[in-house]
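Inside the fold
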Amino acid sequence: MELEPILLPGIEPKRPIVIAGPCSAETEKQVMETARQLASKGIRIFRAGIWKPRTKPGGFEGVGVEGLAWLKEVKRETGMYVATEVATAKHVYEALKQGIDLLWIGARTSANPFAVQEIADALKGVDIPVLVKNPVNPDLELWIGALERINNAGLRRLAAIHRGFSSYDKKIYRNLPQWHIPIELRRRIPELPIFCDPSHIGGKRELIASLCQQAMDLNFDGLIIESHCNPDAAWSDAAQQVTPDILDYILNLLVIRKETQTTENLNELRHQIDECDNTLIEVLAKRMRVCREIGTFKKEHDMTVLQAGRYNEILEKRGAQGAACGMDAGFVKKVFEAVHEESVRQQMEIINQ
Ligand code: PEP
Ligand code: MN
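Report follows, based on the coordinates. (Residues numbered from 1 in each chain as written. Chains lettered and ligands numbered in written order. Predicted model: local features only at pLDDT ≥ 70, side-chain atom pairs only at ≥ 80, totals over all residues. Heavy atoms only, no water.)

The next thing to look at is the side chain of Thr-84. If you trace the backbone, Thr-84 turns up in strand β3 (residues 81-85). Within the structure, the side chain of Thr-84 is placed 3.4 Å from the backbone nitrogen of Ile-50, a separation counted as a polar contact. (Helix = DSSP H or I, 4+ residues; strand = E, 2+ residues; numbered from the N terminus. Polar contact = N/O pair within 3.5 Å; in protein donor to acceptor, adjacent residues only side chain to side chain.)

Structure, rendered in structure tokens:
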């Protein structure tokens, strides 16, 4: 991929490059107030969603073109660069007309090649930085495909944003980080800057600091973080936004380590362990959900919770499967005994309800 390393004049590729601002531009007052506070903390690139893709109708869908004038004012008054999300050719034309400095493509849009191609066509011959969020589904090829479409339209100032991947089961994160996917993107396109979006990965402000640190330990180039002058009153994504003050606090706490082969490798391996443990917990939670469904079935059909034949079959089979994967059969049995105990406890709860 032919890329230009400097995204914006005057913004050095010094880690982390920070983009901050509210999820959505709501009112001129909210935009200006947030922007002034962020500028006073040294933030150089301001984000705000003007058009908001919402999962369900009826939510706040963005102020639309009116808000672009507020971003223009942010730029004039604070000198910050301004960024917004585009999802259609019309968004691109409007944003370019108002002098927006940087565009990003949202996760729902990058999952759709027709939409990305439409944006790429609208951008042909334009030299503007474009950040491509990962698609909502964990598909690295689709993510790279979206980047290639924009690159093929002649754009050279590109970067990726890792914002996590959606999943069905209950979880700690709003969107699972699945760090191995951006790590593989780095391996495939080493010269492509990668940003982390801890706000949309975490979904809760408490998770932002640790996600930022993880991203820095994995040698990400930048961070895009949602910040609002009054987070609790935000019209979208209230739970995950932080005040400019808190953002500054989080950024100051970050430890930026130099890239050294050994510790970097160790970090990467540790993140793989975290990844495995997260997957284990999610799979266990899913298993328990299925168990509770079985509990409901047993209750409706007057069956006993404990079906001894089935239990023995599970222990034997899993022990043998574990041994075939190089683990001690006794260890695997022990794990499944514990899992079974919790399953029984959860089914009893259902039956005794
Ligand atoms: C956003 O950045 O506000 C947004 C809508 O994010 P995503 O596309 O990652 O869901
Ligand atoms: Mn948001």
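Don't stop here, the text continues.
A separate point is the nonpolar core. Ranked by size, the top nonpolar core spans 69 residues in total, and within it Phe-46, Leu-71, Val-130, Ile-150 and Leu-185 carry the most contacts. Among the elements that take part in this core, helix α6 (residues 140-152) stands out by supplying six residues, more than any other. The residues touching Val-130, leaving out its near neighbours within four places in the chain, are Leu-103, Ile-105, Leu-123, Ile-150, Leu-155, Arg-157, Leu-158 and Ala-159. (Core = buried A, V, L, I, M, F, W, Y, C linked by side-chain atoms within 4.5 Å. Buried < 20%, exposed > 50% of the residue type's maximum accessible area, 1.4 Å probe, protein only. Contact = heavy atoms within 4.5 Å.)

This paragraph deals with the site of ligand 1. Close to ligand 1 lie Cys-23, Arg-47, Lys-52, Glu-85, Trp-104, Gly-106, Ala-107, Arg-108, Lys-133, Arg-163, His-200 and Glu-226. The contact in question runs from an oxygen atom of ligand 1 to an N or O atom on the side chain of Arg-47, over 2.9 Å. Here Lys-52 contributes a side-chain N or O atom positioned 2.9 Å from an oxygen atom of ligand 1. Here ligand 1 loses 97% of its free accessible area of 300 Å² to cover by the protein chains. Of the residues contributing to the shell around ligand 1, the split by class is three nonpolar, two polar and seven charged. (Near = heavy atom within 4 Å. Areas by Shrake-Rupley, 256 points an atom, 1.4 Å probe, with all protein chains shown as cover. Nonpolar A, V, L, I, M, F, W, Y, C, P; charged D, E, K, R; others polar.)

Now for the sheet that holds strand β6 (residues 158-162). Pairing in this closed barrel of eight strands is parallel, and the strands run β1-β2-β3-β4-β5-β6-β7-β8 around the ring. Adjacent strand axes in the sheet meet at a mean angle of 25°, parallel and antiparallel pairs treated alike. In this structure, strand β7 (residues 194-196) lies alongside strand β8 (residues 222-226), joined through two bridges in parallel fashion. When the sheet's bridge partners are listed, Phe-195 is paired in β8 with Gly-222. Strands β2 (45-47) and β3 of the sheet are contacted by helix α2 (residues 66-78), whose axis makes an angle of about 155° with β3. (Pairing = 2+ DSSP bridges. Axes fitted to C-alpha atoms, helices over the stretch in contact; angles between N-to-C directions.)

Before going further, it helps to examine the packing of aromatic side chains. Scanning the model with the defined rule gives two aromatic pairs in all. The interplanar angle of 90° and the centroid separation of 5.0 Å between the aromatic rings of Phe-60 and Trp-235 together place this pair among those described as edge-to-face. Of this pair, Phe-60 sits in the loop between β2 and α2 while Trp-235 is found in the loop between β8 and α10 (244-253), placing the two residues 175 residues apart along the sequence. Centroid distance Trp-179 to Phe-220: 5.6 Å. Interplanar angle 85°. Geometry classified as edge-to-face. Note that Trp-179 is positioned in the loop between β6 and α7 (180-188) and Phe-220 in the loop between α9 (208-217) and β8, a separation of 41 residues in sequence. What makes Phe-220 buried here is its relative accessible area of 3%. Sitting over the ring of Phe-336, Arg-318 keeps its end group 5.8 Å from the ring centre. (Phe/Tyr/Trp six-rings, centres within 6.5 Å; stacked < 30°, edge-to-face > 60°. Lys NZ or Arg CZ within 6 Å of the ring centre and 35° of its normal.)

Per the stated rule, a full pass over the model turns up 22 salt bridges. Across the pair Lys-133 and Asp-197 runs a salt bridge, and its minimum N-O distance is 2.7 Å. Placement of Lys-133 in strand β5 (residues 130-133) and of Asp-197 in the loop between β7 and α8 (198-202) is noted, with a sequence separation of 64 residues between them. The two residues Lys-133 and Asp-197 agree in class, both being buried. With its nearest N and O atoms 3.2 Å apart, the salt bridge here joins Arg-205 to Asp-232. Within this pair, whereas Arg-205 is found in the loop between α8 and α9, its partner Asp-232 is found in the loop between β8 and α10, the two being separated by 27 residues in sequence. Under the relative-accessibility criterion, Arg-205 is labelled partly exposed at 25%. Salt bridges linked by common partners bring Arg-310, Glu-313 and Lys-317 together as one network. (Salt bridge = Lys/Arg side-chain N within 4 Å of Asp/Glu carboxyl O.)

Bringing the packing of helix α5 (residues 113-123) against α6 into the picture now. Where α5 meets α6, the axes come as close as 8 Å, and the angle between the chain directions of the two elements is 20°. In terms of orientation, α5 lies roughly parallel with respect to α6. Crossing geometry of α5 relative to α6 is assigned as right-handed. Contact with α5, carried on its side by Pro-113, Val-116, Gln-117, Ile-119 and Ala-120, involves Leu-142, Ala-146, Arg-149 and Ile-150 of α6 and no other residues of that element. Each residue belonging to the contact of α5 with α6 can be placed in one class, and the counts come to seven nonpolar, one polar and one charged. (Parallel < 35°, antiparallel > 145°, perpendicular 65-115°, else oblique. Left-handed = near helix turned anticlockwise from the far one by under 90°.)

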